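Spelled out from the first residue to the last, the chains are:
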Amino acid sequence: AAMKQTKGLEGDKMSIIKFEFNPKVGIDNPALTLTEDTDGEGVGEPRFYLLTKESTETFGFCLHEELGCQGHVIRQLELGGVAQRRGLQDGDRLLQVNGHFVDHMDHLRVVQKIKASGNQVLLAVLDGDSYEAAKSLGRDLSQMLPDDIRPRLCHVTRDRNGFGFSVSCPEGTKGTFQLSVLQDGPADRAGVPPGSWLLELNGDSVKSYSHTQLTKKLKQSGNKVTLLVASSAVEEFYRLRGLRVTAALADTSRLPFKVRELHMVKGPAGYGFLLKEDDCSSGGVGQFLWDVDAGLPAEQAGMKEGDRVLAVNGESIEGLDHEQTVHRIRAREDQVTLLVIDPAGDEFYHSVGAGGMVLL
């Protein structure tokens, strides 16, 4: 196929990136495929896939931008790989990455979004024929997708009246908990939607909990509790497609712990920091920032000693060692953009099972 030549990431000449899947990990249930012609014009429905890989793996398909062909095109599916097993098809057009509409975006920006997801990504695609038919009809493809398909992570701090929510559970059942939220109470201020379903408590699934066990766990949480919740619409979206809702997919915009983006232009004395590999409090190893020099670009950008690096120039460093990370930082001679998080935030996100998709 003819392909548009552009300058890609780190000097690549072709804007084609290969992603390989590990067939031993991920969600075994395929995405629900709806192919009925809903408007009589040959336009089917988008399909959704939650794809998970190991740190040492890539994702199993190529994303092409092709001359004479609209959209971001799925090509070269790895035979027997997870992408193929889940149901992705050659010629599918990528519409959404982690809940963000991408059909209108620059090709390299879409590639970066997938890479920044780390080891898990949620994709929405439309088959090639339906895509072309929709385009010829002038349809707004973004209107074919739900507005928000992310669960929500909420960090609730108790006040003198409690957490500001109550839990109901059908008698004799386990793991089915719906939340009633007190208006202007702690849960409401933390962003817990009224009537939402509780999926995880402090990073642990509540699927096997009885109402009594959940109440006990809440009491043991002290003055702060972290909830993974989903509205009825979001819960139904995942359930119908056989996909598991995880904290790695969550909207974290209401959490008190934030990642920071540091953009630095190298000065005569360099950036003014050291990168060290060290053990993470949550397990494993990470790349940390130390010895931040006063008055140099790193300090001016807001770098703090002990910050952990999550991404370099918009690309996750999950699974990279120290030398590989240094190479990424040096890839652009005079500037770099780092995504970082402080130690307290890093420990919090890992304690609730949130991974790269949340942080990036």
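Everything numeric in this text was worked out from a predicted model, so none of it was measured. (Residues numbered from 1 in each chain as written. Predicted model: local features only at pLDDT ≥ 70, side-chain atom pairs only at ≥ 80, totals over all residues. Heavy atoms only, no water.)

**Points about the overall build of the protein**
Looking only at helices and strands, the protein has 10 helices and 19 strands in total. In the protein, which comprises 360 residues, the share counted as buried stands at 48%. Across the protein, every contact between residues at least 6 apart in sequence was considered, and the portion connecting residues at least 24 apart equals 69%. (Helix = DSSP H or I, 4+ residues; strand = E, 2+ residues; numbered from the N terminus. Buried < 20%, exposed > 50% of the residue type's maximum accessible area, 1.4 Å probe, protein only. Contact = heavy atoms within 4.5 Å.)

**Observations concerning helix 2 (residues 107-115)**
Three or more residues of helix 2 are buried, namely His 107, Leu 108, Val 110, Val 111 and Ile 114. Looking straight down helix 2, one finds its buried side chains confined to an arc of 155°; they lie on one side. With a side-chain oxygen positioned 3.1 Å from the backbone nitrogen of Leu 108, the residue opening helix 2 is Asp 106. (Arc of directions from axis to C-beta. Polar contact = N/O pair within 3.5 Å; in protein donor to acceptor, adjacent residues only side chain to side chain.)

**Details of the pairing of strand 13 (residues 224-230)**
Along strand 13, six of the seven residues are buried, which leaves the element largely enclosed by surrounding structure. Taken together, the six bridges between strand 8 (residues 152-157) and strand 13 define a ladder with antiparallel strand orientation. When the sheet's bridge partners are listed, Val 156 is paired in strand 13 with Val 225. By the bridge criterion, four bridges tie strand 11 (residues 197-201) to strand 13 in an arrangement that is antiparallel. When the bridges of strand 13 are listed, Glu 200 appears paired with Leu 228. (Pairing = 2+ DSSP bridges.)

**A word on the confidence of the model for the protein**
Considering every residue of the protein, the mean pLDDT works out to 84; 85% of them sit at 70 or more. When the criterion is pLDDT under 50, residues 1-40 qualifies, and its contacts beyond four places in sequence or with other chains add up to 115 contacts. (pLDDT = per-residue confidence, 0-100.)

**Examining the nonpolar core**
Formed by 21 residues in total, the largest nonpolar core has its most connected members in Phe 48, Leu 95, Leu 122, Leu 126, Leu 141, Tyr 238 and Leu 243. Elements represented by at least two residues in this core include exactly strand 2 (47-52), strand 7 (120-126), helix 3 (128-136) and helix 6 (232-240). Residues from two domains meet in this core; each of domain 1 (47-144) and domain 2 (152-249) gives at least three. For Tyr 238, the contacting residues outside a window of four places in its chain are Leu 122, Ile 149, Arg 150, Pro 151, Leu 243, Arg 244, Val 245 and Leu 249. (Core = buried A, V, L, I, M, F, W, Y, C linked by side-chain atoms within 4.5 Å. Domains from an automatic or database assignment.)

**A look at a negative patch on the surface**
Taken together, the side chains of Glu 277, Asp 278, Asp 279, Asp 321 and Glu 323 make up a negatively charged region of the molecular surface. Top element by residues in the negative patch is strand 15 (residues 274-279). It accounts for three residues. Looking at the secondary structure, you find Glu 277 in strand 15. What makes Glu 277 partly exposed here is its relative accessible area of 41%. (Patch = residues over 30% accessible without salt bridge, like charges linked within 9 Å, V, L, I, M, F, W, Y side chains within 5 Å. Areas by Shrake-Rupley, 256 points an atom, 1.4 Å probe, with all protein chains shown as cover. Salt bridge = Lys/Arg side-chain N within 4 Å of Asp/Glu carboxyl O. Lys, Arg positive; Asp, Glu negative; His and termini not counted. Charge placed at Lys NZ, Arg CZ, Asp CG, Glu CD.)

**Description of helix 6**
Every α-helical turn comprises 3.6 residues, leaving residues that sit three or four positions apart pointing alike. Among the residues of helix 6, Val 234, Phe 237 and Tyr 238 are the ones counted as buried. One side of helix 6 carries all its buried residues, which in axial view fall inside an arc of 90°. Residues of helix 6 that are buried in the fold lie against strand 2, strand 7 and strand 13. Gly 242 sits one or two residues past helix 6 and shows a positive phi near 65°.

**Topic: the environment of Leu 310**
Mapped onto the elements, Leu 310 comes out in strand 17 (residues 308-312). Considering only alpha carbons, one finds Leu 310 and Gly 286, 24 residues apart in sequence, at a separation of 8.7 Å.

**Quick word on the side chain of Thr 246**
Counting through the fold element by element, Thr 246 comes out in the loop between helix 6 and strand 14 (260-265). The class of Thr 246 is buried, set by a relative accessible area of 7%. Contacts of Thr 246, omitting those with residues within four sequence positions, involve Gln 120, Pro 151 and Leu 228.

**Re unusual backbone geometry**
Phi is positive for Asn 98, close to 55°, though the residue is something other than glycine. One non-glycine residue with positive phi stands out, namely Asp 184, at about 65°. Along the chain, Asp 184 turns up in the loop between strand 10 (178-181) and helix 4 (186-189).

**A short note on the packing of aromatic side chains**
Aromatic ring pairs are reported here in terms of the distance separating the ring centres and the angle at which the planes meet. This model, assessed by the stated rule, comprises six aromatic pairs. Here Phe 348 and Tyr 349 contribute two aromatic rings whose centre-to-centre distance is 5.5 Å and whose plane-to-plane angle is 70°, an arrangement assigned as edge-to-face. Like Tyr 349, Phe 348 is buried. Site record: aromatic cluster; members linked through ring pairs are Phe 48, Phe 237 and Tyr 238. Here the basic side chain of Lys 53 rests over the ring of Phe 59, its NZ or CZ set 5.1 Å away from the ring centre. For the cation-ring pair, Arg 158 lies above Phe 163, with the distance from its terminal atom to the ring centre recorded as 4.3 Å. (Phe/Tyr/Trp six-rings, centres within 6.5 Å; stacked < 30°, edge-to-face > 60°. Lys NZ or Arg CZ within 6 Å of the ring centre and 35° of its normal.)

**Brief notes about the environment of Met 264**
With respect to the secondary-structure elements, Met 264 resides in strand 14. Considering only alpha carbons, one finds Met 264 and Leu 296, 32 residues apart in sequence, at a separation of 9.5 Å. Residues in contact with Met 264, not counting those within four places in the same chain, are Tyr 271, Phe 273, Pro 297, Ala 298, Ala 301, Met 303, Asp 334, Gln 335, Val 336 and Leu 338.

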